[in-house]
Amino acid sequence: MSENGRSRDDATVRWLLEGDPSIRWQTLRDVVGADPDEVAAEREKVERHGWGAQLLDAQDPGGTWGGTVWKPQDRDATDSVLLLLVLLGADGERTRAAAARTAEGVDWGEEWEHAPFFDGEVEPCINGRVLTAAAPLGFASETILGKLLDGQQTDGGWNCYADTLDDPGSFHSTICVVEALAAYRDAGGPTDVAEPLRRGQEYLLERGLMRRKTTGEIIDDAWLEFAFPYYWHYDVLRGLDHLRTAGVPYDDRLAEAVAHVASRRRPDGRWTLDRLLPGRPAVPMETVGEPSRWITLRALRVLDWAGVQSTA
């Protein structure tokens, strides 16, 4: 166990380690501080057992999930499933073969002149999620990266519905893109994205991850509830977990968001799944209103990063 890790005897940690392989390996790495070999051995199970294996089993021979590229309202589609696989930590031969089938057989259709899947379309919230999935699997495209960099608003954010670059950014679009730029950077992409990534993160930071810059009011109360999978949707836990993952040092402007996450811990030491976004998940994982391993894992590692003691 690392200096900042938690004992496996902790009741909440034991509960996390009883979950899906995707939960177990991230708990070992981010909460327990286990030996890297143990973490890697657990991670290898993601694409062979549990949720990861079920997602990979559901891909059709043409490389899509559900026969669709983008996420319709009634089910997860190819873009959402590939992102979810990466969030689960699937990265072995089976996962990369699935991504290769998508690269070979899937495009964005006539509306986007049959652009290859990993080249993206035009909306930054979609392209960001595609690049976040593509980068760790070896399919990062300079084409999609260029679209994202060209679409950064003057305030540092991104906005799928902006008419000009002087329009305000959107938290939903911005979180999708900063996650993508960090994933591209961490995968060794050849283009330097440090400054656009910093500006995007600063867009979130200067608003405290939840408040309007102009008035200081909370932008959307829904951002104080936690969802997983989160798709394009922003919430404060997602914002915090991105900053932690991207290696951004804790900033006092995050104190309110961190305190909110800490306040949502139940007496049993766990966090609840507050909501599922519209659509039918490709693989059902957790139930709204019940303790959530996904939310608990992510909350614990955010609080550890922020240096907050979170005991039940």
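Thresholds, definitions, all that
Residues numbered from 1 in each chain as written. Predicted model: local features only at pLDDT ≥ 70, side-chain atom pairs only at ≥ 80, totals over all residues. Heavy atoms only, no water. Helix = DSSP H or I, 4+ residues; strand = E, 2+ residues; numbered from the N terminus. Buried < 20%, exposed > 50% of the residue type's maximum accessible area, 1.4 Å probe, protein only. Contact = heavy atoms within 4.5 Å. Salt bridge = Lys/Arg side-chain N within 4 Å of Asp/Glu carboxyl O. Axes fitted to C-alpha atoms, helices over the stretch in contact; angles between N-to-C directions. Parallel < 35°, antiparallel > 145°, perpendicular 65-115°, else oblique. Left-handed = near helix turned anticlockwise from the far one by under 90°. Nonpolar A, V, L, I, M, F, W, Y, C, P; charged D, E, K, R; others polar. Polar contact = N/O pair within 3.5 Å; in protein donor to acceptor, adjacent residues only side chain to side chain.

Q: What am I meant to see in the environment of Gly-52 here?
A: Looking at the element boundaries, Gly-52 is found in helix α4 (residues 50–57). On the accessibility criterion, Gly-52 (0% relative accessible area) is buried. The sequence separation of Gly-52 and Leu-88 amounts to 36 residues, and the corresponding C-alpha distance is 6.8 Å. The contact partners of Gly-52, leaving out residues within four places of it in the chain, are Val-46, Glu-47, Leu-85 and Leu-88.

Q: Explanation requested: the pattern of salt bridges in the structure shown.
A: For side chains bearing opposite charge, pairing can occur when the charged atoms are close. Overall, the coordinates contain 24 salt bridges when judged by the stated rule. Among the salt bridges present, the one from Glu-38 reaches Arg-8, with a minimum N-O distance of 2.8 Å. Residue Glu-38 is found in helix α3 (residues 36–43), and its partner Arg-8 is found in the segment before α1 (11–17); the two are separated by 30 residues along the sequence. Its salt-bridge partner being Asp-91, residue Arg-43 comes within 3.7 Å of it at the nearest N-O pair. Placement of the pair is Arg-43 in helix α3 and Asp-91 in the loop between α5 (78–88) and α6 (93–105), with a sequence separation of 48 residues. Accessibility expressed as a relative area gives 27% for Arg-43, which makes it partly exposed. Taking the relative accessible area as the measure of exposure, Asp-91 reaches 33% and is therefore partly exposed. Via salt bridges that share partners, Arg-29, Asp-30, Asp-241, Arg-244, Arg-298 and Arg-301 belong to a single interconnected network.

Q: Help me understand the packing of α5 against helix α7 (residues 124–134), please; the structure alone is not making it clear to me.
A: Between two packed helices, what matters for the description is the angle formed by their axes and the separation of those axes. In contact at an axis separation of 8 Å, α5 and α7 are set at 45° when each is read in the N-to-C sense. As the angle between them shows, α5 and α7 are arranged oblique. The hand of the α5/α7 crossing is left-handed. For the pair α5 and α7, contact is made by Asp-79, Ser-80, Leu-82, Leu-83 and Val-86 and by Ile-126, Arg-129, Val-130, Thr-132 and Ala-133, respectively. Among the residues making up the contact of α5 with α7, the classes are represented as 6 nonpolar, 2 polar and 2 charged.

Q: What's the story with the environment of Tyr-203 in this structure? I'm lost.
A: Of note, Tyr-203 is situated in helix α10 (residues 194–205). Sequence-wise, Tyr-203 and Gly-156 are 47 residues apart; in three dimensions their C-alpha atoms are separated by 5.6 Å. If we skip the residues at most four places from it in the chain, Tyr-203 touches Asp-155, Gly-156, Gly-157, Gly-169, Ser-170, Phe-171 and Thr-174. For Tyr-203, the side chain forms a polar contact with the main-chain oxygen of Gly-169, separated by 2.8 Å.

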